[in-house]
Structures are given as C-alpha cells and as structure tokens.
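Remarks on the overall topology
Residue-level listing of the chains:
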Amino acid sequence: MTGRFGFLGRRVLQLIPVVVGITILVFFLLHLVPGDPARQILGQHYTPKAAAEIHHKLGLDQPLWTQYRIFMDRLVHGELGDSVYYNQSAGSLIAERLPATLLLIAYAGVLAALVSIPMGIIAALRRGGIFDQATRIGTLITFAMPPFWFGIILILFFALKLQLFPVSGYGHGFSDHLWHLFLPALTIALAFSTILTRTLRASMLSTMRMDFVDTARIKGISRTTVLMRHVVRNAIVSIVVVFGINLAFLVGSTVIVESVFSIPGLGQLLVAAVESRDYPVVQGTTLVLAFFVVLVNLLTDVVHAALDPRVSYE
Amino acid sequence: MTDSAAPAVLEVEDLRTYIATDAGVVRAVDGVSFTVGEREILGLVGESGCGKSVTCRTIAGLMPSPPARSTGSVRLAGYGERNLLDLSTSELQRLRGEHLSMVFQDPMSALNPVMRVGAQIEEAVAAHEKLSGRARRTRAIELMERVGIPVPERRMRDYPHQFSGGMRQRVLIAMAIAGRPKLLLADEPTTALDVLIQDQILSLLLELQRDFGMSMILVSHDLGVIGEMCDRVAVMYAGEIVELSDTATLLGGPRHPYTISLLRSLPDVTSQSRYLRSIGGAPPALVDLPGGCRFAPRCPLALDRCREWDTELLEAGAGGHTARCWRHEETRREDAWPEPSYESA
Ligand SMILES: Nc1ncnc2c1ncn2[C@@H]1O[C@H](COP(=O)(O)OP(=O)(O)OP(=O)(O)O)[C@@H](O)[C@H]1O
Ligand SMILES: [Mg+2]
C-alpha cells in the first residue's frame, strides 16, 4: 500500500508545475489581447479617463510582476476579480454556473459508460456480426458529425417531434435537471461513447487472446465468469485511461452544447464573457475549466492505480 | 492401438486440427494417434511449430473454433465413450479441472495480472465444489504449501507481478492440480525458466504425478528432460507423429531419420546445454505440405520413393515402437548415412 501512496504523492507533486503553468497562461490571457484591453472593453465608449479607470481596476497600471503577484495573491484567497460587465465578482458568477456544467459532464460520462460498456463487450464477442458492423458504422458517423449537429437532430426528434424532453434550459431541482440535461448529455455521450466502444472492443479482443484467459478456462469455471472476472476486468483497466482523457476533453464540447441547449453553465458564461470582453470572468472560467481537466487526470490515475496493481510499482 | 501395458487414460485417434488463416489452411495437427496409460508420462518432442501445443490445446478444447476445426476422436477414461471433440461448452467446463488440466509455457502471462494470487487459486478450488469462503481459503493454502510456496497465508494476498517466474509456475501447477485431474497436459512448463528452477519444477511435477497417480503429457524441446521424466515419447514433425516408442528405445535405438538427426544434433552429453541444435533446413510450411514423407526434403537418406510414399507409422520394434519411415530397417546402419555433411547445412 505504501507503494500506492507513494505513487499518488508523486502524481500530486508532478501537478504543481502544471498548476503554476496554468495560472501563468491564464494571467497572460489578458496581455495576449492585441492593443489595449481597455479599448477592447470600452469600444465606442472609449475615453482616456474611462480607460485609465479600467486600467486601474484590472491592475494594468502596475508592473507585470506585481500584476502577477496580485493575481496569485487573490487567487489563493479564492478571488478572481470582479466582472467588468455584471455587478458581481467573477468567483460568484462561476460558482453559480459551475454545477450545471459539472452535472452535464458527469451525466454525459455516465451515459457514455452505460452505452459503451455493453456495446463494446457485445461487439467483441460477436466480432464481425451485425452488431459489430453497426457500431463500426455508428462510430464513423458520430466521428464525422460535429456534436452540435447531433444536438440539433436530438432536439428536432425527441423534443419537438416526440416532445419527450425539453428543448432547452436547466430546470429546478435535481430530477428536473436530469430531465432537462438528458438530451445535451446524450449529445456529448454519443460522440464520447463511440470512442469508448471501439477502444473497449479492441481491448477485449486483445485480452481474450492472452494466456491467462486460457488458464481461467482450463479451471473449469463458467464462460460468463471467465468473461467478466478475467477478460472484462482486464479490458476495463485500459478503458479507464481513455475514459479519463476523453472526459477531460469533453470540457470543450460542453461549451458548444451548452450554447445549443441554452444551459446556464460555465461554457455559456465563457462564450458570453469573451463576447463582452469581460476579462476577469474569462480568466476565472478558463482557470476553473483547466483545473477541472487537471483534476480529472489525477482522478484517472488514481482509479487506474486502484484497478491495476502493477501501476504503483512502475 | 494398445501399445502400452497400463489401461489407457487418454486415447487420441486420427486427430486433425486445421486452422483457417489468411495464408491458407494450416494443418497444425494432421492425423495424430496415441494413448496415454494410467500413471504414464508421455513426452511430446519436435521442432518449434510442429503442432505440439495445438495437440494439447485441442485435447483441452482450447482451440478457437473458428478458425480451428478438429476431427478424429479424443477419449478420456471416466468420461464415458464421449468424444471430447463433440462436447458442448458446459460439458467441457465440467471436464476441465476435474478430469484434465493444463500447465502453460509462460508463467509470466498465464496469470491474471489484476487478481490476487490467492483468489486465482481459490477460483480453481471452487470450480467444482461448493465450499465456504473459509474452506476455500484453507484448501488454497494447502495447495500452495503442496507446490512449495513459502508463507502461503501472506503470499495469497500478493499479485502475480510480485512473484518470480518459478513461483508463478508453482501457482499455475497448484491451480492445475486443485481438482485432482486424471490427466495433466504440461506444455513446455519450464522453457521460460532458468535452468536451476527448471529442475525444481520438473521434480515437483514428477512428485505430484506419482502422489496423485496422474497421467501426463509433457511437451518439451529438451530431450534430456524427456529422458528423465517420460515413460514413452512421441516425436512430432510437421503435424504428424513420426516416431513413437518407450523412452529407452527411442533414445537408444531411434529408427526415424528425423529422430536420429535430433539425437545427433545434441551436443556432447557432458556439455552443459541439452537443447536441440537445429537440423539443416527448415520444416515445411504447414499450409503447403509436400506429398510423401514430409521430412524428405531435409532427410540425408531420402530417395525418390520417399517423396511419393503414402506415409504411415510402421512397426519398427517391440513394445509398440513405430516409425513413419519405410527404410526404418536401414536407418540404424551407419553406412546408410552419407558422409557427415549434416554438420554444414
Ligand atoms: N491460433 C492459431 N492461428 C493460426 N495458426 C496457428 C494458431 N495456433 C497455432 N498455429 C500454427 O499451428 C502450427 C503449430 O503450432 P504449435 O503452437 O502447435 O507449435 P509447437 O509445436 O507448440 O511449437 P513451439 O515449440 O514453438 O511451441 C504453427 O505453424 C502455428 O503457426
Ligand atoms: Mg508450443
């Protein structure tokens, strides 16, 4: 067990430079904007006085190093600055929007797993069969189609034609959220599950060829036990990594899907903040999303280590 | 074929396993017949790719079908008159572990990497017996002790990667004997291990075979091992048995040119290595077999007739000694062999 804790400790230590790197990148977001951000923010309302006010508010009148120090100082106190646009701190704006996005991603992840684990197993077992072919074609289609297109198709069919699900929005209360988020989560899950299904199928097929599967079969245990306890159990290990990487990647698609389905999440906030040049909010949102990706990666490693005893000793 | 004094535990009759591949149909096992008597160890030798593993795996019902297709008959004492090749999946399941079991070549890959060793042994223990968790554990510990794994209570909780190669092979053997099978198929159980460990594992197998009264098929490249362990030996070449006899006769008075070449290619008995050195040329591809004797292209004694001869195992001596060579009378005469050119090729 010490091996595993050691492994975890190392992973967390490795994250420190990543986190610092993220803060630097996010900090410089403001400085990457060509020209004067105040000019961008004010647009046609530009006056030198207003610009100076904005400079002061954003801390741009300070030397770069001081700016970063102030930024970091605020950050460790959980402050992300005030929204230029709303009369609210960026932190509280993000806190309001975060749950919807997290729920959407988790929901999509669960749906994707529910769809792709059985599909991957069946496709591997009935290799070359109708089902296998169908998932192969399905993969091609979902790979070729952008997620928002899928979202629109789902809205047209399930929301408008069958009226089973709402067209947009988030609802009130958990079960209502689940109902509202079903189509958006499904949109993301479909794109996600094709990768998962194919990876699981390939992983199943290569696991089935391994010697230990023969060892298990020769014991005289049932075929289902061989399949679940030996083949699937090993195939899942490699899926966890793919799942984690792609889950982190899903953050990107939530930005689009939240817009298509009008979900008050971080993605939507980010798009709005970029449009209105609300730099503190852009910085804060980016930071939170980046941390989310880092966290998912860490969790992936933890789950991987828990599932595969060899990991901790590598 | 009743060439053994003891009643047969396993009877294999005209076994053929053909495997469909992209390159064509591989005739991995092509008309193999033999028996294994009670408490007998039959050795199976031959060059890489001659079909030894496929023979064992077919008997155990482990060949994937498709692409593999098997014909012929495999009968096991105590399993009625049923041909094992006709068994359904659930019948095979009942057969395995209790009636026959198998130990594989590579202990590194033959254990489930993500499952504790104890759980893997317990799984074998519980395959044919309803036992409480505690009884299962006790049995697993007994088995581990039996195969010489020190501190089994502690080692049970370890994962395979925490075991050495030799210890893993002991774990595999423990699982194989858990159901007290009548027949053990050992497919090169020591090839992947270093020499000292090899001897320990072989002694263990021999000891278990005697104590449990098991019959065994031992596949090996190593004629030294065969000589020490086996009662009878079958020599395979390109999917066929080319010579079959008791061990002393086979090693002392071989009749088939292939067996003779194998023995001659052995380095001096006093040198450390007991492994086969290759004979000139390569065995034929099993998709595209020559007519007549399959060894003829490499045989120093081959005549035109050998390439046309419809091969069969001919009686070559007492006690069921058979050889697939029509010149088996002459092969022992030194003057029948050309000058020792087999050195160079
Ligand atoms: N699953 C399979 N698919 C296709 N060909 C196979 C398969 N299994 C075995 N073969 C082929 O069958 C032939 C016999 O293989 P086999 O494994 O029985 O050889 P072997 O005598 O055990 O050799 P080795 O000493 O190397 O273990 C080989 O030509 C091999 O390539
Ligand atoms: Mg083999």
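Predicted model only: the values in this text are computed from it and were never measured.

Attention now moves to the site of ligand 1. All names here are of chain B. Close contacts around ligand 1 come from 15 residues, with Ser48, Gly49, Lys52, Ser53 and Val54 the closest. One of the backbone N or O atoms of Gly51 is found 3.1 Å from an oxygen atom in ligand 1. Between ligand 1 and Glu188 there is a distance of 3.1 Å, counted from an oxygen atom to a side-chain nitrogen or oxygen. The set of elements that each furnish at least two residues to the shell around ligand 1 consists of strand 1 (8-21), strand 2 (24-37) and helix 1 (52-59). Sort the elements by how many residues they give to the shell around ligand 1 and helix 1 lands first, with three residues. Per-class residue counts for the shell around ligand 1 are six nonpolar, six polar and three charged.

What follows deals with the sheet that holds strand 9 (residues 240-246) of chain B. Residues and elements named next belong to chain B. Pairing within the open sheet is mixed, and its eight strands lie in the order 5-6-7-3-8-9-11-10. Edge positions in the sheet fall to strand 5 (100-103) and strand 10 (314-317), since each has one partner strand and no second. Recorded for the sheet is a direction-independent mean angle of 25 degrees between the axes of neighbouring strands. Each of strand 8 (232-237) and strand 9 is contacted by helix 10 (residues 257-264), which is oriented at about 100 degrees to strand 8, the strand it contacts most.

Here we take up the nonpolar core. The biggest cluster of nonpolar side chains holds 103 residues, and the ones touching the most others in it are Leu10, Phe34, Leu100 and Ile121 of chain B. For this core, the element with the most residues is helix 6 (residues 165-177) of chain B, which contributes eight residues. When residues no more than four places from it in sequence are discounted, the contact partners of Leu100 of chain B are Ile218 of chain A together with Ile59, Ala60, Leu76, Leu84, Leu95, Pro181, Leu183 and Leu185 of chain B. Grouped together as the second largest cluster of nonpolar side chains are 68 residues, Leu75, Ile155, Ala185 and Ala273 of chain A included.

Attention now moves to the domain arrangement of chain A. All names here are of chain A. Annotation of chain A at the domain level lists domain 1 (2-90) and domain 2 (97-307). The gap between the C-alpha centroids of domain 1 and domain 2 is 31 Å. Across the contact, 29 residues belong to domain 1 and 19 residues belong to domain 2. When domain 1 packs against domain 2, close to 2100 Å² is buried across both sides, 76% of that on carbon and sulfur atoms.

Moving on, we come to the packing of helix 6 of chain B against helix 7 (residues 195-212) of chain B. Residue and element names in this part refer to chain B. Orientation of helix 6 relative to helix 7, taken along the N-to-C sense of each, is 15 degrees, at an axis distance of 10 Å. Compared by their axis directions, helix 6 and helix 7 come out roughly parallel. Along this stretch, helix 6 crosses helix 7, giving a crossing that reads as right-handed. Across the interface between the two elements, Gly166, Gln169, Arg170, Ile173 and Ile177 from helix 6 touch Ile197, Gln200, Ile201, Leu204, Leu205, Leu208 and Phe212 from helix 7. Split into classes, the residues belonging to the contact of helix 6 with helix 7 amount to eight nonpolar, three polar and one charged.

Moving on: helix 1 of chain B. Residues and elements named next belong to chain B. Across the eight residues of helix 1, seven count as buried, placing the element largely inside the fold. By the burial criterion, the buried members of helix 1 are Lys52, Val54, Thr55, Cys56, Arg57, Thr58 and Ile59. In the segment just after helix 1, Gly61 is the residue with positive phi, at about 70 degrees.

All names here are of chain B. For helix 4 (residues 133-146), with 14 residues, the first-to-last C-alpha span of 20 Å sits near the 20 Å given by 1.5 Å per residue. Within the sequence span of helix 4, burial applies to Ala140, Ile141, Leu143 and Met144. Summarising the axial view, the buried residues of helix 4 lie within an arc of 160 degrees, below the 170-degree limit, and thus occupy one face.

All right, on to unusual backbone geometry then. What you tend to see is this: most non-glycine residues have negative phi, and most peptide bonds are trans. All names here are of chain B. The step from Ser65 to Pro66 runs through a cis peptide bond, and the omega angle for that step is -10 degrees. Residue placement: Pro66 occurs in the loop between helix 1 and strand 4 (68-76). The amide bond that connects Pro66 to the next residue, Pro67, takes the cis arrangement and shows omega of 10 degrees. With respect to the helices and strands, the residue Pro67 is situated in the loop between helix 1 and strand 4.

Further remarks concern the interface of chain B and chain A. On the side of chain A, 23 residues touch chain B, which itself brings 30 residues to the contact. The contact between chain B and chain A buries some 2200 Å² in all, and 58% of this surface belongs to carbon and sulfur atoms. Joining chain B to chain A, the criterion identifies three salt bridges. The interface formed by chain B and chain A contains twelve residue pairs in polar contact (both at pLDDT 80 or more).

Residues and elements named next belong to chain B. Scored by pLDDT, chain B comes out at a mean of 88, with 93% of its residues at no less than 70. Strand 7 (residues 215-219) holds the highest mean pLDDT among the elements of chain B, 97, whereas strand 10 holds the lowest, 80. Note that residues 270-277 has pLDDT below 50 and, in this model, 19 contacts with residues that lie over four places away or in other chains. Scored below 50 in pLDDT, residues 341-345 makes two contacts in the model with residues more than four places away or belonging to other chains. Of the two predicted TM-score estimates for the complex, the pTM is 0.84 and the ipTM is 0.87.

Glancing now at the sheet that holds strand 4 of chain B. Residue and element names in this part refer to chain B. On the basis of which strands lie adjacent, the open sheet formed by three strands has the order 2-1-4 and antiparallel pairing. Every other strand in the sheet has two partners, leaving strand 2 and strand 4 as the edge strands with one partner each. When the angles between neighbouring strand axes are averaged without regard to direction, this sheet yields 5 degrees. Bridging between strand 1 and strand 2 involves eleven bridges; their strand directions are antiparallel.

A separate point is a positive patch on the surface. Together, Arg116, Arg137, Arg154 and Arg157 of chain B line one region of the surface with positive charge. You can see Arg157 of chain B is positioned in the loop between helix 5 (152-155) and helix 6.

Conventions we followed
Residues numbered from 1 in each chain as written. Chains lettered and ligands numbered in written order. Predicted model: local features only at pLDDT ≥ 70, side-chain atom pairs only at ≥ 80, totals over all residues. Heavy atoms only, no water. Near = heavy atom within 4 Å. Polar contact = N/O pair within 3.5 Å; in protein donor to acceptor, adjacent residues only side chain to side chain. Helix = DSSP H or I, 4+ residues; strand = E, 2+ residues; numbered from the N terminus. Nonpolar A, V, L, I, M, F, W, Y, C, P; charged D, E, K, R; others polar. Pairing = 2+ DSSP bridges. Axes fitted to C-alpha atoms, helices over the stretch in contact; angles between N-to-C directions. Contact = heavy atoms within 4.5 Å. Core = buried A, V, L, I, M, F, W, Y, C linked by side-chain atoms within 4.5 Å. Buried < 20%, exposed > 50% of the residue type's maximum accessible area, 1.4 Å probe, protein only. Domains from an automatic or database assignment. Buried area = accessible area lost by both parts, 1.4 Å probe. Parallel < 35°, antiparallel > 145°, perpendicular 65-115°, else oblique. Left-handed = near helix turned anticlockwise from the far one by under 90°. Expected span 1.5 Å × (residues − 1). Arc of directions from axis to C-beta. Salt bridge = Lys/Arg side-chain N within 4 Å of Asp/Glu carboxyl O. pLDDT = per-residue confidence, 0-100. Patch = residues over 30% accessible without salt bridge, like charges linked within 9 Å, V, L, I, M, F, W, Y side chains within 5 Å. Areas by Shrake-Rupley, 256 points an atom, 1.4 Å probe, with all protein chains shown as cover. Lys, Arg positive; Asp, Glu negative; His and termini not counted. Charge placed at Lys NZ, Arg CZ, Asp CG, Glu CD.

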